[in-house]
Amino acid sequence: MIIALTGFMASGKSSTGHALAERLGWEFIDLDELCETTAGKTIAEIFEEGGETLFRRIEVKCLRQALCSAKENLVLALGGGTLLQGEAMDLLRGRCICVYLKASPESLLQRLSGDNGGKRPLLGGEKLERRIPQLLAQREAGYGEMAEFCVNTDGLGAPEAAEIICKKLNINEKQ
Ligand code: S3P
């Protein structure tokens with residue numbers, strides 16, 4: 001089984017993915033990290049070199065690679081914009097159980113306020129108060145469309161979110 005976590009930047013995909021994989025004893029892949037190791041560059045450097053277009057190209061290639069190399073069970077933390085690409089949706093559809101980690105614009109603003117933009121160049125420039133709701137409005141339908149179910153991560157720690165996912169899917173593996 002492959003569980004793919006989707007949701008906006010800072011919704012808890014990486015931390016929950018980590019906690020979930022740990023709890024289940026499954027393999028964990030963070031797609032952003034895979035992009036950086038594959039490219040041999042940080043996300044900021046990729047954006048500097050070729051903008052969002054280059055990043056999305058690398059991202060979808062890495063997604064394909066992660067899904068191809070997946071052994072039996074995998075937790076995959078997607079990037080906040082992975083689902084913007086039809087190709088990524090096609091790769092995930094039918095192959096993964098997608099879970100939408102949902103956070104309110106207010107808690108996203110709080111979590112992202114201390115962000116220095118390194119891993120998230122799309123948040124640079126404009127005020128976060130405007131940028132977050134704007135991007136969220138463009139993306140929310142895609143997250144919801146792909147997801148089997150949604151977990152609200154407002155005020156929730158990663159272990160708690162992982163527990164909710166395990167209960168929903170009725171899995172509790174580590175032996
Ligand atoms: C992006 C989210 C980032 C990273 C890149 C683009 C996005 O990942 O993939 O900066 O388009 O929302 P996180 O969602 O892990 O922050």
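Structure shown above.
This structure is a prediction, so every number in the text was calculated from the model and none was measured.

## Section: the side chain of aspartate 32
1) Next: In this fold, aspartate 32 is placed in helix H2 (residues 31-39).
2) Next: Accessibility expressed as a relative area gives 10% for aspartate 32, which makes it buried.
3) Next: Sequence-distant contacts of aspartate 32, that is, excluding residues within four places in its chain, are made with Ile43, Phe55, Gly79 and Lys119.

## Topic: the layout of surface pockets
1) Next: There is about 260 Å³ of room inside the largest pocket.
2) Next: Residue lining of the largest pocket: 22 residues in total, with Met9, Asp32, Gly80, Lys119 and Arg120 positioned closest to the centre.
3) Next: Elements that contribute at least two residues to the lining of the largest pocket include exactly helix H1 (13-24) and helix H3 (43-69).
4) Next: Counting residues per element, the lining of the largest pocket draws most heavily on H3, at 5 residues.
5) Next: A breakdown of the residues in the lining of the largest pocket according to their chemical character gives 8 nonpolar, 7 polar and 7 charged.

## Quick word on the environment of leucine 83
1) Next: Here leucine 83 is to be found in the loop between strand E3 (74-77) and helix H4 (86-92).
2) Next: According to the relative accessible area criterion, leucine 83 is buried, its value standing at 7%.
3) Next: When the C-alpha positions of leucine 83 and proline 133 are compared, they lie 17 Å apart, and in sequence the two are 50 residues distant.
4) Next: Apart from residues lying up to four places away in sequence, leucine 83 is in contact with Thr6, Leu78, Met89, Leu92, Gly142, Tyr143 and Met146.

## Thoughts on the packing of aromatic side chains
1) Next: As enumerated under the stated definition, the model contains 2 aromatic pairs in all.
2) Next: Arranged with centres 5.1 Å apart and planes meeting at 40°, the rings of tyrosine 100 and tyrosine 143 form a pair that is tilted. Of this pair, tyrosine 100 sits in strand E4 (residues 97-102) while tyrosine 143 sits in helix H6 (residues 128-146); the two residues are 43 residues apart in sequence, bridging distant segments of the chain. Tyrosine 143 carries the same exposure label as tyrosine 100, and that label is buried.

## Here's the deal with the packing of H2 against H3
1) Next: At a minimum axis distance of 9 Å, the contact between H2 and H3 shows a crossing angle of 110°. As judged from the angle between their axes, H2 and H3 are roughly perpendicular. When H2 is examined against H3, the residues Leu31, Asp32, Leu34, Cys35, Glu36, Thr38 and Ala39 are found in contact with a partner set consisting of Ile43, Ile46, Phe55, Ile58, Glu59, Lys61, Cys62, Leu63, Gln65 and Ala66.
2) Next: Looking at side-chain class alone, the contact of H2 with H3 contains 11 nonpolar, 2 polar and 4 charged residues.

## Points about the sheet that holds E3
1) Next: Spatially, the 5 strands line up as an open sheet ordered E2-E3-E1-E4-E5, and their pairing is parallel. With one partner strand each, in any of the chains shown, strand E2 (27-30) and strand E5 (149-152) form the two edges of the open sheet. Direction aside, neighbouring strands of the sheet carry axes that sit 20° apart on average.
2) Next: Strand direction decides the pairing type here: E4 and E5, joined by 4 bridges, are parallel. In the strand pairing of E5, valine 99 is matched with phenylalanine 149.
3) Next: The strands touched by H3 are strand E1 (2-6), E2 and E3; relative to E3, the strand with the most contacts, the crossing angle is about 170°.

Calculation criteria
Residues numbered from 1 in each chain as written. Predicted model: local features only at pLDDT ≥ 70, side-chain atom pairs only at ≥ 80, totals over all residues. Heavy atoms only, no water. Helix = DSSP H or I, 4+ residues; strand = E, 2+ residues; numbered from the N terminus. Buried < 20%, exposed > 50% of the residue type's maximum accessible area, 1.4 Å probe, protein only. Contact = heavy atoms within 4.5 Å. 1 Å grid on protein atoms, 1.4 Å probe; cavity = no way out; pocket = protein on both sides within 12 Å on 5 of 7 lines; lining within 4 Å. Points joined across faces, edges and corners; volume = space filled by probe spheres on them. Nonpolar A, V, L, I, M, F, W, Y, C, P; charged D, E, K, R; others polar. Phe/Tyr/Trp six-rings, centres within 6.5 Å; stacked < 30°, edge-to-face > 60°. Axes fitted to C-alpha atoms, helices over the stretch in contact; angles between N-to-C directions. Parallel < 35°, antiparallel > 145°, perpendicular 65-115°, else oblique. Pairing = 2+ DSSP bridges.

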